[in-house]
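# Descriptive analysis of the structure
Here is how the chains run, residue by residue.
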Amino acid sequence: MQQRNDQWLWKRNNERVVLAIQMSNHSWASDTRDLSSQLTLKQMNLATIEQIHESKAGREPALSPGQLAYVINAVAFTCQSPSNFYGLNLIDALKHQLNGSRVPSGAFLNHYEYGLSVLALCNSNAHVQANYVDVLLRGMRSDYTHRFGSGACRPFELSIFDLLL
């Protein structure tokens with residue numbers, strides 16, 4: 001927490017930090033005795049909205065599916081609505097990136113990012129299409145031996161199936 005800057009944000013990956021804090025302390029976002037959590041959430045939200053609008057205007061790169069998945073998880077875990085995030089539907093934006101994507105190619109760099117995106121849908125109680133699960137299953141069957149870190153995705157991907165059952 002001491003590494004926040006004067007705008008109550010971290011240098012980068014604010015949604016990841018907020019998600020980690022909220023997952024380790026479930027009352028952090030709703031603690032009315034310490035308004036620093038509320039200020040941090042508002043600043044994260046404003047930074048996210050600004051990046052989305054800047055990308056639509058062509059001044060910033062669009063959020064990658066992985067970044068968007070972290071934002072959706074942080075929003076959902078802090079009891080905000082990712083389907084109505086200040087008038088933006090983050091769920092639809094992520095589903096748009098998931099539809100027709102091949103892994104690893106297109107918008108998704110690897111199976112981890114794809115799995116993280118599907119998990120974000122699960123965590124926000126959004127509908128997960130069967131073809132998303134098919135892509136995960138194909139990825140689990142593929143050879144991970146030459147892809148750094150991909151083998152670690154298997155337990156992660158299996159937890160998604162547990163959520164879907």
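Residues numbered from 1 in each chain as written. Predicted model: local features only at pLDDT ≥ 70, side-chain atom pairs only at ≥ 80, totals over all residues. Heavy atoms only, no water.

## With respect to the overall build of the protein
Here is the rule we go by: Helix and strand definitions here come from DSSP, where helices need a minimum of 4 consecutive H or I residues and strands a minimum of 2 consecutive E residues; each element is numbered from the N-terminal end. Buried means the residue's accessible area, taken with a 1.4 Å probe over protein chains only, is under 20% of the maximum for its type, while exposed means over 50%, and partly exposed covers the values in between. The contact criterion used throughout is that any non-hydrogen atoms of two residues lie within 4.5 Å.
Regarding its fold elements, the protein presents seven helices and zero strands. Taken from N to C terminus, the helices and strands of the protein fall in the order α-α-α-α-α-α-α. Classification of the 165 residues of the protein by burial places 44% in the buried group. Of the contacts formed within the protein by residues at least 6 apart in sequence, a portion of 56% connects residues at least 24 apart.

## Side note on the nonpolar core
Keep this limit in mind: What makes a nonpolar core is a set of buried Ala, Val, Leu, Ile, Met, Phe, Trp, Tyr and Cys residues whose side-chain atoms join them at distances within 4.5 Å.
Judged by nonpolar contacts, the single largest core of 35 residues is most densely connected at Leu90 and Leu121. Only α1 (14-24), α2 (35-56), α3 (65-77), α4 (90-98), α5 (111-123) and α6 (130-141) provide two or more residues apiece to this core. With seven residues, α3 is the largest single contributor of residues to this core. When near neighbours in sequence (up to four residues on either side) are disregarded, Leu121 contacts Ile91, Leu94, Lys95, Leu98, Ala126, His127, Val128 and Tyr132.

## Some words on unusual backbone geometry
Phi at Tyr86 is positive, roughly 55°, even though this residue is not glycine. With respect to the secondary-structure elements, Tyr86 resides in the loop between α3 and α4. For Asn125, which is not glycine, the phi dihedral falls at a positive 60°.

## A word on the packing of α4 against α5
Inclusion rule: An axis is simply a line fitted to the C-alpha atoms; with a helix, the fit covers only the stretch in contact. Between two such axes, the angle follows the N-to-C directions and lies from 0 to 180 degrees. In this scheme, a crossing is called left-handed if the near helix is turned counterclockwise away from the far one by less than a right angle; it is called right-handed if the turn is clockwise. Under the convention adopted here, Pro, Cys and the residues Ala, Val, Leu, Ile, Met, Phe, Trp and Tyr are nonpolar, Asp, Glu, Lys and Arg are charged, and Gly plus all remaining residues are polar.
Viewed as axis vectors pointing N to C, α4 and α5 meet at an angle of 145°, and their least axial separation amounts to 11 Å. Every pair of crossing elements has a handedness; the one defined by α4 and α5 is left-handed. Contacts between α4 and α5 involve Ile91, Leu94, Lys95 and Leu98 on the former and, on the latter, Tyr114, Ser117, Val118, Ala120 and Leu121. Residues of the contact of α4 with α5, tallied by class, amount to seven nonpolar, one polar and one charged.

## A look at α1
Given 3.6 residues per helical turn, the α-helix brings residues three or four places apart onto the same face. Spelled out, the test is: This arc is built from the directions going out from the helix axis to the C-beta atoms.
If you check which residues of α1 are buried, you get Asn14, Glu15, Val18, Leu19, Ile21 and Gln22. Viewed along the axis of α1, the buried residues span an arc of 165°, placing them on a single side of the element. For α1, the elements touching its buried residues are α2 and α3.

## Some points on the packing of α3 against α5
Going by this rule: With respect to orientation, any angle under 35 degrees is reported as roughly parallel, any angle over 145 as roughly antiparallel, any angle of 65 to 115 as roughly perpendicular, and every other angle as oblique.
Running from amino to carboxyl end, α3 crosses α5 at an angle of 25°, the nearest separation of the two axes being 8 Å. For the element pair α3 / α5, the angle class is roughly parallel. Here α3 runs over α5; the crossing is left-handed. Contact with α3, carried on its side by Pro65, Gly66, Ala69, Tyr70, Ile72, Asn73, Ala76 and Phe77, involves Tyr112, Glu113, Leu116, Ser117, Leu119, Ala120 and Asn123 of α5 and no other residues of that element. Looking at the contact of α3 with α5 residue by residue, the class counts come to ten nonpolar, four polar and one charged.

## Some points on the packing of aromatic side chains
Here is the rule: Note on ring pairs: Phe, Tyr and Trp rings are taken, using the six-membered ring of Trp, and paired if centres are within 6.5 Å. Classes follow the plane angle, with under 30 degrees stacked, over 60 edge-to-face and the rest tilted.
With the rule as written, the count across this model stands at one aromatic pair. Aromatic pair Phe85 and Tyr86: ring centres 5.1 Å apart, planes at 85°, arrangement edge-to-face. For Tyr86, a relative accessible area of 46% puts it in the partly exposed group.

## Quick word on the confidence of the model for the protein
As a reminder, the rule being used: Every residue is assigned a pLDDT by the predictor, reflecting its confidence on a scale from 0 to 100.
Averaged over every residue, the pLDDT of the protein is 78; the share at 70 or more is 70%. In the model of the protein, helix α7 (residues 153-164) stands out as the element of lowest mean pLDDT, 59, in contrast to α3, which has the highest, 92. Between residues 145-149, whose pLDDT stays under 50, and residues either more than four places distant or in other chains, the model counts two contacts.

## Considering α3
What counts is decided by this rule: An expected span of 1.5 Å times one less than the residue number is assigned to each helix.
Taking 1.5 Å per residue as the helical rise, α3 with its 13 residues ought to reach 18 Å, and the 18 Å between its terminal C-alpha atoms agrees with that figure. Of all 13 residues in α3, eleven are buried; the element is thus mostly enclosed. Of all the residues in α3, the buried ones are Pro65, Gly66, Leu68, Ala69, Tyr70, Val71, Ile72, Asn73, Ala74, Val75 and Ala76. Where α3 is buried, its residues contact α1, α2, α4 and α5. Positive phi appears at Cys79, one or two residues downstream of α3, with a value of about 60°.

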